[in-house]
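# Structural overview
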Amino acid sequence: MTDSKYFTTNKKAEIFELKAELNNEKKEKRKEAVKKVIAVITVGKDVSSVFPDIVNCMQTDNLKLKKLVYLYLMNYAKSQPDMAIIAVNSFVKDCEDPNLLIRALAVRTMGCIWVDKITEYLSEPLLKCLEDEDPYVRKTAAVCVAKLHDINAQMVEDQGFLDSLWGLIADSNPMVVANAVAALSEISESHPNSNLLNLNTQNINKLRTALNKGQIFMLDCLSNYNPKNDRKAQSICERVTPQLSHANSAVVLSAVKVLMKFLELLSKDSDYYNMLLKKLAPPLVTLMSGESEVQYASLRNINLIVQKRPEILKQEIKVFFVKYNDPIYIKLEKLDIRIHLASQANIAQVLAELKEYATEVNVDFVRKAVWATGRCAIKVEQSAEHCVSTLLDLIKTKVNYVVQEVIVVRDIFRKYSNKYESIIATLCENLDLLDEPDARSAMIWILLESFLEGFHDENTQVQLTLLTELVQQMLNLATQDSDNPDLRERGYTYWALLSADPVKAKEVVLSEKPLISQETELIEPTALEELICHIGSLASVYHKPSNAFVEGSHGIHRKHLPIHHGSTDAGDSPVGTTTATNLEQPQVIPPQGDLLGSLLNLDLSLPVNVPQVSSMQMGPVDLLGGGLDSLVGQSFIPSSVPATFAPSPTPAVVRSGLNDLFALSTGIGMAPGGYVAPKAVWLPSVKAKGLEISGTFTHRQGHIYMEMNFTNKALQHRMDFGIHTPLAIHTPLMPNQSIDVSLPLNTLGPVMKMEPLNNLQVAVKNNIDVFYFSCLSPLNVLFVEDGKMEHQVFLATWKNIPNENELQFQIKECHLNADAVSSELQNNVYTIAKRNVEGQDILYQSLKLTNGIWILAELRMQPGNPNYTLSRKCRAPEVSQYIYQVHNSILKN
Amino acid sequence: MSASAVFILDVKGKPLISRNYKGDVAMSKIEHFMPLLVQREEEGALAPLLSHGQVHFLWIKHSNLYCIHPTWCPWRWVWGLSAMVAAQAKRGWAEDRSCTAHLCGLGWGQGQVEMRVVARDRVEVRGLYSIYFAINGTFSLTLLPLVVATTSKNANASLVYSFLYKTIEVFCEYFKELEEESIRDNFVIVYELLDELMDFGFPQTTDSKILQEYITQQSNKLETGKSRVPPTVTNAVSWRSEGIKYKKNEVFIDVIESVNLLVNANGSVLLSEIVGTIKLKVFLSGMPELRLGLNDRVLFELTGRSKNKSVELEDVKFHQCVRLSRFDNDRTISFIPPDGDFELMSYRLSTQVKPLIWIESVIEKFSHSRVEIMVKAKGQFKKQSVANGVEISVPVPSDADSPRFKTSVGSAKYVPEKNVVIWSIKSFPGGKEYLMRAHFGLPSVEKEEVEGRPPIGVKFEIPYFTVSGIQVRYMKIIEKSGYQALPWVRYITQSGDYQLRTS
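Residues numbered from 1 in each chain as written. Chains lettered and ligands numbered in written order. Predicted model: local features only at pLDDT ≥ 70, side-chain atom pairs only at ≥ 80, totals over all residues. Heavy atoms only, no water.

### A short note on the packing of aromatic side chains
Remark: the centre distance and the inter-plane angle together describe each pair of aromatic rings, the angle taken between the planes. For the coordinates displayed, the defined rule picks out 16 aromatic pairs over all chains. Each ring, one from phenylalanine 187 of chain B and one from tyrosine 191 of chain B, has its centre 6.5 Å from the other, and the planes form 85°; the classification is edge-to-face. Of this pair, phenylalanine 187 of chain B and tyrosine 191 of chain B both sit in helix H5 (residues 187-197), separated by four residues, roughly a single helical turn. For phenylalanine 187 of chain B, a relative accessible area of 1% puts it in the buried group. According to the relative accessible area criterion, tyrosine 191 of chain B is buried, its value standing at 7%. Look at tyrosine 414 of chain B and phenylalanine 440 of chain B: their rings are 5.0 Å apart centre to centre, the planes differ by 65°, and that puts the pair in the edge-to-face class. Placement of tyrosine 414 of chain B in strand E21 (residues 411-415) and of phenylalanine 440 of chain B in strand E23 (residues 433-441) is noted, with a sequence separation of 26 residues between them. Per residue, the accessibility class of tyrosine 414 of chain B equals that of phenylalanine 440 of chain B, and both read buried. Site record: aromatic cluster; members linked through ring pairs are Phe51, Tyr72 and Tyr76 of chain A. The cationic tip of lysine 331 of chain A hangs over the ring face of tyrosine 324 of chain A; the distance from NZ or CZ to the ring centre is 5.9 Å. Above the face of the tyrosine 474 of chain B ring, lysine 476 of chain B is positioned so that its terminal group lies 4.6 Å from the ring centre. (Phe/Tyr/Trp six-rings, centres within 6.5 Å; stacked < 30°, edge-to-face > 60°. Helix = DSSP H or I, 4+ residues; strand = E, 2+ residues; numbered from the N terminus. Buried < 20%, exposed > 50% of the residue type's maximum accessible area, 1.4 Å probe, protein only. Lys NZ or Arg CZ within 6 Å of the ring centre and 35° of its normal.)

Put into structure tokens, the structure is as follows:
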């Protein structure tokens, strides 16, 4: 008779019946009843009501029954913590049972009862079990420490459980060692700051000797260690390499992880380094013979390894040939790896295969194969011709989805202009087949591009017609007929640009396109490094940084590849090269999604900064310059005080927008200081594909600065980010990393009136897209330091300003006295005089804006009344409103 | 670090049994799994890793559960579907209700099928192919459980997959078959096993031989008062129990080499590798120390015997009993073996060898009328050797009918459910060349689907022969009682993943 009968007997009124059976005299009957209860749980029904009856069955010498009862407790203890306490005695007793299986069972179960109250009773028996004579109990107890830490971390640390765990690492039994290490690393992972797992030399030695026992956890643990010199690293590597021969693929991957990390520390010229590289290839190849899920995990990791160190597998490209019965996810992954491995030496073989794949049945796979062919053309320059002819053959098949992938042809054009124009004819024949937006826009790009190349040869009339047609029609269509705000906005931008300054417009729109890099679709180097440190884990399978996963509820600790300090030059360290490569490397192809972006944005240059245009195109990213925006009518533009191009004192491009009120130069440098508003989020990450910008304005030494903080909230690693002119951040912005930037602002140049007056529109561009945001700049940054008026002048001016220019405001809920107020306002708002009239404090203040406007204020305060009255007099009354806001925000802070 | 919970699901995604190891993932999250799976499948973006919010599902499918005894079916190209439907049929038979089946990556194409049991012996199916058809016949099928592990942390993915496969292996050894019924029948043991296999997300003992020592189906064994300690769990040598006794001490060594081959349509070899395994059957008393000597090139070079014929092993993997550091030092393979059968080691060689059985084929398809196939097979190995059980499977279009064959040796058979002709040759001596011709009719109305071009597959076995030339030079057996033990060695070469693409 099988156990499935327990599933069928559960009919109505069962709870009542079960209760009766559980209290039956006969042992056998009780056991049957408990089995039934477990069966009911398995089906997913609630049987928490029999809890007391189950606890009664706990006192038994029958192991099987005990297991079932404990299983029940694990399921329901959390929902009935009070009842669980009843069971404590039994746990404590079982922990001393002569039968080791029962001891272990009790230890295992009590950790799974997630009830805080119960833990204090358990620490003593647990300590005892950690020193049990039997290793089976010890190994279970070791895991229980980790469980306990999850419930009550403080207790584990206080009662010395961690020392016991370290003690167990030297245990004679491999299982105990493995569990102890696993428990320790689990604990340290959830508490990154507590430094529990201090990997000092002594502990590392312990781990190293234990290496043959419980490999995976040991290896994972070792990979967190940063040896001080290459000798130490080498000695660990020597211990780890034998593990590459382990039959378990997870062990192999963990060993690869340790080796990949420590390779960074070894000197590149040493024999050992090269030998190690050779040793890594065969195990990686063997991983391909596992089950498909294991293969998938391995392939994702190999993808990372290949990007980091292509030399390891460069001979092994044949392993990544696709087999007919591979699941699709493996096929796609293999294809990806092969693009990374493609080189002059093997390109013929690769292309022949790709062509073969392009005739397969699975659409996704075929498309990827076509796309890969195009990528090969870009990557292996010498064989571009071969690749292009392969592509042509494919296009001629006229299979719809194959032709759609001509997007890659666009990139080929960008890389090798004027070389493969012959494709265009073939592409045109298939124009009707293109129905996907990406493909169509790529096609338009290709056509226009080739057309414009011949532009100068056409006669004037043709040129004119073309120009009018294209520009007029398109702009009309875009600005008037379109419902899409992005489209309209860009239309207006160009329109304004054209009407204001055609020469600049030409520079903007027709400037050189950045080159297409041969290395495509790469993971950004620092992100790659972090992923390498997580080989084998989910992060490496997703290719997402580990902090995208919940690391307990605690902080995040990031891992980096160590940097080699040896004799080799600094260029070896991947971190060191980042900046350089970013400057030198040509632009990576933007995601396929934004053709418009690649058409227009990439080519934008800051029109006013003529001398800088050439250098701008080099840089990976540029701040969509102020010039452009200003033409459309914006108030402040970040000035181009050259941050990276020091010797060019470019004319300031910044304008202030307060009509022409502020269009005067700032004056003398004066005492620093002044009120600085806390940073506010200007551009939330949701709107800017993960880029978050927060900022504020300051006034220092007579200059206005825009303090910005850029944070990459995206999970993508390719968030290479930088502001170019007037300011460059050349370091790539890692996920969750932020950078502080101080952007000097200037108030020169033509201005336009904005609504509201202190509105500042800013455009930021990175390699993903251009983002616009606007922020309100508080007026206090415009207060200049020489705003103190003479007594007499003040009185005269006060009288001179007509009364209709006086505005009154209430400042509410402010609990400062007169002196405090005047000191609070010490940032360029000057108190001229203080009077006490009828119990009221009256402050007379003056301040001056950058453009020379004086504002006079009278502040009335009644002690005990938190509401102040602010009267303002100014020749330009529209400013007053903002001054009030400033007062309000300063005083309330 | 590892899995938070493990679920075994039935085909509809309902949990059959589950175990929560860490309590950091709500068990109800599993409800998201199946919809996610279906959605990804429709998008064609199925991967062994799915995630829903912060929960990640790592899943594998225990797939070798299909055993089909079909009778006649008029539309052969829907064979894959009908098999799948039949899987559902067994479930739906009694219940008479609609249910959904999922096809994924089992070689039957991908898609989703809806099925309704119309009568006791009739099933109506609507699927991706949007046709209605009925199947008659009896089916004996089991359902496929999915094993899913969830985690909310940055777990070690390959560890989890290895663990899941191990779990299935253990269940299979306990219950012979892993299926819905066997899990229900043994739910108490399944719980016990899940308890022993993993603790707090850390894999524990996963060796079924050892587990069977203290977790038994006959529960009364342990009930007899005193506890029987499972010594092997706690031994320093966790894979061997003490006190084993045999009258006759023997070791059987099987050296098995599989040849993986991938040849493209124009006959050039893309990939050719040899994967070898050495399997041991150990009947030895006590705690013996074993040392295995091979003609390993690295070893020969170390010991200065490089003139002798040797083999360069490219990547060697060992059973956990082998002392890896010792091998790394001086290439000595030394170990204390587990009792009974086990795989001692595996190795790989990518040295190019002449394909043992070479196939040339001409497949001519005349649309709307016929397919003509000519296959030539040549044994490219030593004349003294003979390949046994040769099976050459040649793909044919799924809508082909009325087969006719002519073979110079052996027999050919049409297997419609796999869309292949299988040409079997019982014994195939080296150096010989054989021919097979096949002729099929094609319907005048062509079906719409584009078919893939499956490769020609070859299966064979050549005894007393290794392609690589590997040899067991000695097997030293030392036990403190000093008995004499005999090692026996067998060699065999067989086909692995042996594919030749067709044009």
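The structure having been displayed, the exposition proceeds.
### Things to note about the interface of chain A and chain B
Contacts between the two partners involve 98 residues from chain A and, on the opposite side, 88 residues from chain B. Carbon and sulfur atoms supply 57% of the area buried between chain A and chain B, which totals about 8,200 Å² over both sides. Counting the surface chain A buries against chain B, the share from its top three residues, Lys64, Glu293 and Leu538 of chain A, is 8%. At the boundary of chain A with chain B, the tally comes to eight salt bridges. Measuring nitrogen to oxygen at the nearest pair gives 3.3 Å for the salt bridge that ties aspartate 497 of chain B to lysine 323 of chain A. Taken together, chain A and chain B are joined by 19 residue pairs in polar contact (both at pLDDT 80 or more). Residue contributions to the side of chain A that touches chain B peak at nine residues, all from helix H12 (residues 174-190) of chain A. For the side of chain A that touches chain B, a count of residues per class yields 48 nonpolar, 26 polar and 24 charged. (Contact = heavy atoms within 4.5 Å. Buried area = accessible area lost by both parts, 1.4 Å probe. Salt bridge = Lys/Arg side-chain N within 4 Å of Asp/Glu carboxyl O. Polar contact = N/O pair within 3.5 Å; in protein donor to acceptor, adjacent residues only side chain to side chain. Nonpolar A, V, L, I, M, F, W, Y, C, P; charged D, E, K, R; others polar.)

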